[in-house]
There are 2 protein chains.
Amino acid sequence: MSFTDKLSAAWQSQTSLLCVGLDPDLSRLPAELQSQPDAILAFCRAIVDATADLACAFKPQIAYFAALRAEDQLEELCKYIRSRYPQVPLVLDAKRGDIGATAEQYAREAFERYGADAVTVNPYMGSDSIAPYLEWKDRGAIVLCRTSNPGGSDLQFLKVDGVPLYQHVARLVAEKWNTNGQCGLVVGATFPEELAQVRAIVADMPLLVPGIGAQGGDIAATVAAGSDSVGAGMMINSSRAILYAQAQAGEDFAAAARRVALETRDAINTHRKP
Amino acid sequence: MSFTDKLSAAWQSQTSLLCVGLDPDLSRLPAELQSQPDAILAFCRAIVDATADLACAFKPQIAYFAALRAEDQLEELCKYIRSRYPQVPLVLDAKRGDIGATAEQYAREAFERYGADAVTVNPYMGSDSIAPYLEWKDRGAIVLCRTSNPGGSDLQFLKVDGVPLYQHVARLVAEKWNTNGQCGLVVGATFPEELAQVRAIVADMPLLVPGIGAQGGDIAATVAAGSDSVGAGMMINSSRAILYAQAQAGEDFAAAARRVALETRDAINTHRKP
């Protein structure tokens, strides 16, 4: 099954556009976990178990594992997600970008080693830096387009023939790179009108949309701007707001994460067109 | 000592602008090494020993290690280079690019875990994706500008106000991001006239220049175009042409690598202005 088919099935079966981002910051983990040798694995596994029926995708961020020399824990986590929740696509957030021979190695890292269904990639080095990922026909490459961070405008908003660079990237991916339906785009929720412009360019291509939750993006505006022709089309990501949810009386961290994930999924669904 | 000071000292003490890229492809290693459990470490260590007096920098490419689950070998290699050849700057080629909180983790990966003097980074996500690396005051961030691969033109050559995007990146880094003299740029050797234009924009900022050797860039044109005001200013990288040099009679792989590295260093020096 292709990545996009798996994702479409998850949108339906999970009734969710929520992507749960797994960015395990050791300093923010519950005290009882911090002393464990595999703390970030235990933490992420608990979050996964608490949210799996609410998520259309899981998105581990590799940097948090790499900084701690914990690639082995990321491998275990990915294996756990794939075996326990095979219906939920696994997106490795790595934002790789390099020449073809090197991209082949990064593709092996993402798809063979971690078994990801899709990986985020950076478009700056152009088509041959993306092509090796697309050789893995059942996997996806989700290309950075318009990012939700403050500096995102530095390059992405530069005007090329009167049109911002990110729209050129959207067009390039839609018209040239996405020959086999394997591509998606990263478009931040912090700019709903730009999300709408990207959606108009790329038809029903899947979008990974960070920026709600801790980054402040508006859910109603995001759903209105980014939905595809059947009212799906997005993995709307929340990481920190779910992972580090403030526990209420009687909740542990996982229950708090579940509560926020449920609220977020439902808030998204409220605004979806039937 | 800052990265740029260490690099300037290496240009002098080594009489070299040659950067030796360490991209250990398991399938291309000598047969006698392939069966070893730490084959790529053993291979890279032999290359390092054979070329250390000829190099102004070593540049391991992390993708080759990550694809093989060999981060431990990369750690050992970096430790070996730092302890045995402390005069030769260590540049981790990782081309990272992500939002600030994530970039902090990547900076820890590069600088704390691997002890790199500098890391390559991608500019697409803008200033706050670069800032965390610059918090490490004695380290460098080498920003992708004009890359040597075929698809490099897809984005980098788009015209913004009549000027190609890569020149905007050069100007952005020179004028805004390089506040503490910690930045460098990646500019491919395959486009000497563009290298000259970048040099004109960034004054004496260090340039990492891939694309000679296996990628076909011309050494004379590269030196003429990219030298700084004192006839240095570049880490001219060669990876595959050195690592996989064809052995001549009586040579092992390391001797062949040394011969090609020596020829390359000397060819570069021939064209340098005194």
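Check the entry above for the structure.
Residues numbered from 1 in each chain as written. Chains lettered and ligands numbered in written order. Predicted model: local features only at pLDDT ≥ 70, side-chain atom pairs only at ≥ 80, totals over all residues. Heavy atoms only, no water.

**Q** Summarise the relation of the copies chain B and chain A; cite the residues concerned and give the values.
**A** One chain copy maps onto the other through a rotation about an axis and a shift parallel to that axis. The operation relating chain B to chain A is a screw motion whose rotation component is 180 degrees, with 0.0 Å of axial translation and a residual RMSD of 0.0 Å. As the rotation angle and translation indicate, the two copies are arranged about a two-fold axis. It is Val-160 of chain B whose C-alpha, among those of chain B, lies nearest the rotation axis, at 2.5 Å. Looking at the interface residues of chain B, 100% of them are also at the interface in chain A, so both copies use one shared face. (Least-squares fit on C-alpha atoms with pLDDT ≥ 70 in both. Contact = heavy atoms within 4.5 Å.)

**Q** With reference to specific residues and values, describe the interface of chain B and chain A.
**A** If you look at the interface, chain B gives 53 residues, while chain A gives 53 residues. For the pair chain B and chain A, the summed buried area comes to about 4,400 Å², and 54% of that belongs to carbon and sulfur atoms. Where chain B packs against chain A, one counts six salt bridges. Across the salt bridge formed by Arg-69 of chain A and Glu-75 of chain B, the nearest N and O atoms sit 2.7 Å from each other. Our enumeration of links across chain B and chain A arrives at 29 residue pairs in polar contact (both at pLDDT 80 or more). The element best represented in the side of chain B that touches chain A is helix H6 (residues 100-113) of chain B, accounting for seven residues. Partitioned by chemical class, the residues of the side of chain B that touches chain A number 24 nonpolar, 14 polar and 15 charged. (Buried area = accessible area lost by both parts, 1.4 Å probe. Salt bridge = Lys/Arg side-chain N within 4 Å of Asp/Glu carboxyl O. Polar contact = N/O pair within 3.5 Å; in protein donor to acceptor, adjacent residues only side chain to side chain. Helix = DSSP H or I, 4+ residues; strand = E, 2+ residues; numbered from the N terminus. Nonpolar A, V, L, I, M, F, W, Y, C, P; charged D, E, K, R; others polar.)

**Q** Could you give me a rundown of unusual backbone geometry, with the residues and numbers involved?
**A** Residues and elements named next belong to chain B. One non-glycine residue, Thr-15, adopts positive backbone phi at about 45 degrees. Residue placement: Thr-15 occurs in the loop between helix H1 (3-13) and strand E1 (18-22). With relative accessibility at 43%, the residue Thr-15 sits in the partly exposed group. Positive phi outside glycine occurs at Ala-203, with the angle close to 50 degrees. (Buried < 20%, exposed > 50% of the residue type's maximum accessible area, 1.4 Å probe, protein only.)

**Q** Can you break down the sheet that holds strand E4 (residues 118-121) of chain B residue by residue, with the values?
**A** All names here are of chain B. Strand order across the open sheet formed by eight strands is E2-E1-E10-E9-E8-E5-E4-E3, with parallel pairing between neighbours. Looking at the sheet topology across the chains shown, the edges are occupied by strand E2 (57-60) and strand E3 (91-96). If you compare each strand with its neighbour and ignore which way they point, the axes differ by 30 degrees on average. Where H1 meets the sheet, it contacts E3, E4, strand E5 (140-146) and strand E10 (234-238), and its direction lies at approximately 70 degrees from that of E10. (Pairing = 2+ DSSP bridges. Axes fitted to C-alpha atoms, helices over the stretch in contact; angles between N-to-C directions.)

**Q** Go over the pattern of salt bridges with me, naming the residues and quoting the values.
**A** Where charged atoms from two side chains of opposite charge approach closely, those side chains can pair. For the structure shown, the criterion picks out 32 salt bridges over all chains. Measuring nitrogen to oxygen at the nearest pair gives 2.9 Å for the salt bridge that ties Asp-98 of chain B to Lys-95 of chain A. Taken together, the residues span two chains, with Asp-98 of chain B in the loop between E3 and H6 and Lys-95 of chain A in strand E3 (residues 91-96). By sharing partners, the salt bridges in this structure join Lys-59, Asp-93 and Lys-95 of chain A together with Asp-98 of chain B into a single network.

**Q** Account for the nonpolar core, with residues named and values stated.
**A** Judged by nonpolar contacts, the single largest core of 204 residues is most densely connected at Leu-22, Leu-185 and Met-235 of chain A together with Leu-22, Leu-185 and Met-235 of chain B. The residues contacting Leu-22 of chain B, other than those within four sequence positions of it, are Cys-44, Ile-47, Val-48, Phe-58, Lys-59, Pro-60, Gln-61, Phe-65, Leu-77, Ile-81 and Leu-243 of chain B. (Core = buried A, V, L, I, M, F, W, Y, C linked by side-chain atoms within 4.5 Å.)

**Q** Explain helix H5 (residues 71-84) of chain B to me, using residue names and the numbers behind them.
**A** Given a rise of 1.5 Å per residue, 14 residues ought to cover 20 Å, and the 20 Å separating the end C-alpha atoms of H5 of chain B matches this to within 8%. Those residues of H5 of chain B that sit buried are Glu-71, Gln-73, Leu-74, Glu-75, Leu-77, Cys-78, Tyr-80 and Ile-81 of chain B. (Expected span 1.5 Å × (residues − 1).)

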